[in-house]
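Here is what each chain is made of, one letter per residue.
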Amino acid sequence: MKTASVHRNYYRQRTANQWQKIEAEIGDPGAIRPFLAGNWKMNVIPRSGVALAARIFDLCKGVKDVDIGLAPPFTGLSTLGDYIKPDFLRTEYGLGRNVFLLAQDTFFESKGAFTGEISAEMLASIGVDRVIIGHSDRRTNLGKYFGFGPSIAKRLSRSFLLQELEVLRTKEDADRQILAALEHLASEANQDVLTGIQRFLEEELIERAGESDEVIQKKVQASLAHGLQVILCVGENTEARETHETFNLLDRQLRPAFEVVSPRTASEVVIAYEPVWAVGEGAKPARLEQISEVHDFIRNLIMDLYGEQIASTIRILYGGNVKPDNIAEIMSIAGVDGALVGGASLKAWDFAQIIRFGLDCPCY
Ligand SMILES: O=C(CO)COP(=O)(O)O
């Protein structure tokens, strides 16, 4: 079996390219270990999760130079946590203490009447190491399932307005002005205007139905307070990308989250840049130069907040259609410290290839 020499080269390359000054100052470039994390999202029952993990470890025997994270759904955390005990992983797979149990979310209150939620304290109590916070699924995508956008927007359809009008007309005390306004809005000539308003309202409400930056800030705070490391997801949607708002949006996502992170706890935070348009089946990963400029932007922002030493050691991952065939080039970008992987982390061989990025012996 080959050693992880290319993983080590990664440190050297990064140091040579970008962080010579830092190396001179802090003397430990190896502190920046690549972190490859699999986000299983709402897939995999606990038993299958252990089988999947076992197959991944089997294909990654002896890989010690990268950190590996696995994020099963809440139901799989305990079972997987019991399986990935360091002593077992060392004797069985030659892995070091480099495998971490990740949760996909947490709630910010510690206990109480919050049906269905799980607190950071609860996660810590079952051995979770790190928690993903602010994933785009939670910031916006789930809005269309949980949010009231579509049902409210439906009230602006012509057929709904006509029904309402029929009822209103029968009421003696109906406000004449409102009636006239609704009649005007529901007239056939206004159909296009109505459809436009309806679509706008629906999109706005869906967009706002997810987790806000304020909620994410509270989750970051609660997680750090209970000793959990944080994987903070940020990333722009298509609209922001197309209107050149990417950096403004990232700024708005990052600054409030870091308001509750002291310089002492900054090293407990990993940032994952996941452009929403690059995530999921059918999407294309961001281009290398797009990833590079955003990672530089994020690192500069951290530099601005905490100074050079923290900026140079905080890990910034990329996520969005990371696959075995693009991981090596993504990892070759200066400033990319790992990947948050969705779909490919559900396939043992694919995720193992990603973990073994750049090694010239593929999985055997
Ligand atoms: O959302 C992601 C990881 O959190 C990325 O998902 P994909 O790798 O499936 O695009």
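Keep in mind that what you see is a predicted model, and the values were worked out from it rather than measured. (Residues numbered from 1 in each chain as written. Predicted model: local features only at pLDDT ≥ 70, side-chain atom pairs only at ≥ 80, totals over all residues. Heavy atoms only, no water.)

Quick look at the UniProt feature "binding site: substrate" (unreviewed entry) in the chain now. The feature "binding site: substrate" (unreviewed entry), as annotated in UniProt, sits at Asn-39, Trp-40, Lys-41, Gly-280, Gly-342 and Gly-343 in this numbering. These annotated residues cover 305 residues of sequence, but their C-alpha atoms sit close together, with the largest distance between any two at 12.0 Å. Position of Lys-41 among the secondary structure elements: in the loop between strand E1 (35–39) and helix H3 (46–59). Look at Lys-41 and you get partly exposed, because its relative accessible area is 23%. (UniProt positions renumbered as here; feature names shortened; annotations may be inferred. Helix = DSSP H or I, 4+ residues; strand = E, 2+ residues; numbered from the N terminus. Buried < 20%, exposed > 50% of the residue type's maximum accessible area, 1.4 Å probe, protein only.)

Next up on the list: the pairing of E1. Buried residues dominate E1, accounting for five of its five residues. Covered by surrounding structure in E1 are Phe-35, Ala-37 and Asn-39 together with Leu-36 and Gly-38, the residues of both alternating faces. As for the winding sense of the linkage, the β-α-β connection from E1 through H3 to strand E2 (residues 67–71) is right-handed. Here E1 pairs with strand E8 (residues 338–341) via four bridges, running parallel. Looking at the pairing, Ala-37 lines up with Leu-340 of E8. (Right-handed = clockwise from strand over helix to strand, strands pointing away. Pairing = 2+ DSSP bridges.)

A few words on a negative patch on the surface. Taken together, the side chains of Glu-203, Glu-207, Glu-239 and Glu-242 define an acidic patch exposed on the protein surface. Within the secondary structure, Glu-242 is located in helix H14 (residues 238–242). Residue classification places Glu-242 among the exposed positions, given a relative accessible area of 59%. (Patch = residues over 30% accessible without salt bridge, like charges linked within 9 Å, V, L, I, M, F, W, Y side chains within 5 Å. Areas by Shrake-Rupley, 256 points an atom, 1.4 Å probe, with all protein chains shown as cover. Salt bridge = Lys/Arg side-chain N within 4 Å of Asp/Glu carboxyl O. Lys, Arg positive; Asp, Glu negative; His and termini not counted. Charge placed at Lys NZ, Arg CZ, Asp CG, Glu CD.)

Below, the discussion takes up the pattern of salt bridges. Here the structure, examined in full by the defined rule, presents 16 salt bridges. Salt-bridge contacts for Asp-105 lead to Arg-138; the nearest nitrogen and oxygen are separated by 3.0 Å. Note that Asp-105 is positioned in the loop between strand E3 (99–103) and helix H6 (120–125) and Arg-138 in helix H7 (residues 136–141), a separation of 33 residues in sequence. Given the relative accessible area of 5%, Asp-105 is considered buried.

As a further point, take the UniProt feature "active site" (unreviewed entry) in the chain. UniProt annotation of "active site" (unreviewed entry) refers to His-135 and Glu-274 when read in the numbering used here. Across 140 residues in sequence, these annotated residues keep their C-alpha atoms within 8.3 Å of one another, forming a single compact spot. Here His-135 is to be found in the loop between strand E4 (130–133) and H7. By relative accessible area, His-135 is classed as buried at 4%. In contact with His-135, other than residues within four places in its own chain, are Asn-39, Lys-41, Cys-233 and Glu-274. Locating Glu-274 in the fold gives a position in the loop between strand E6 (269–273) and helix H16 (288–306). Here Glu-274 is in contact with His-135, Cys-233, Val-234, Gly-235, Val-279, Gly-319, Gly-320 and Leu-340, once residues within four sequence places are set aside. (Contact = heavy atoms within 4.5 Å.)

This brings us to the packing of helix H13 (residues 213–225) against helix H15 (residues 246–259). One way to put it is that H13 packs onto H15 with a least axis distance of 8 Å and a crossing angle of 35 degrees. Note that H13 runs across H15; the crossing there is right-handed. For the pair H13 and H15, the contacting residues are Asp-213, Gln-217 and Val-220 in the first and Arg-252, Gln-253, Pro-256, Ala-257 and Glu-259 in the second. (Axes fitted to C-alpha atoms, helices over the stretch in contact; angles between N-to-C directions. Left-handed = near helix turned anticlockwise from the far one by under 90°.)

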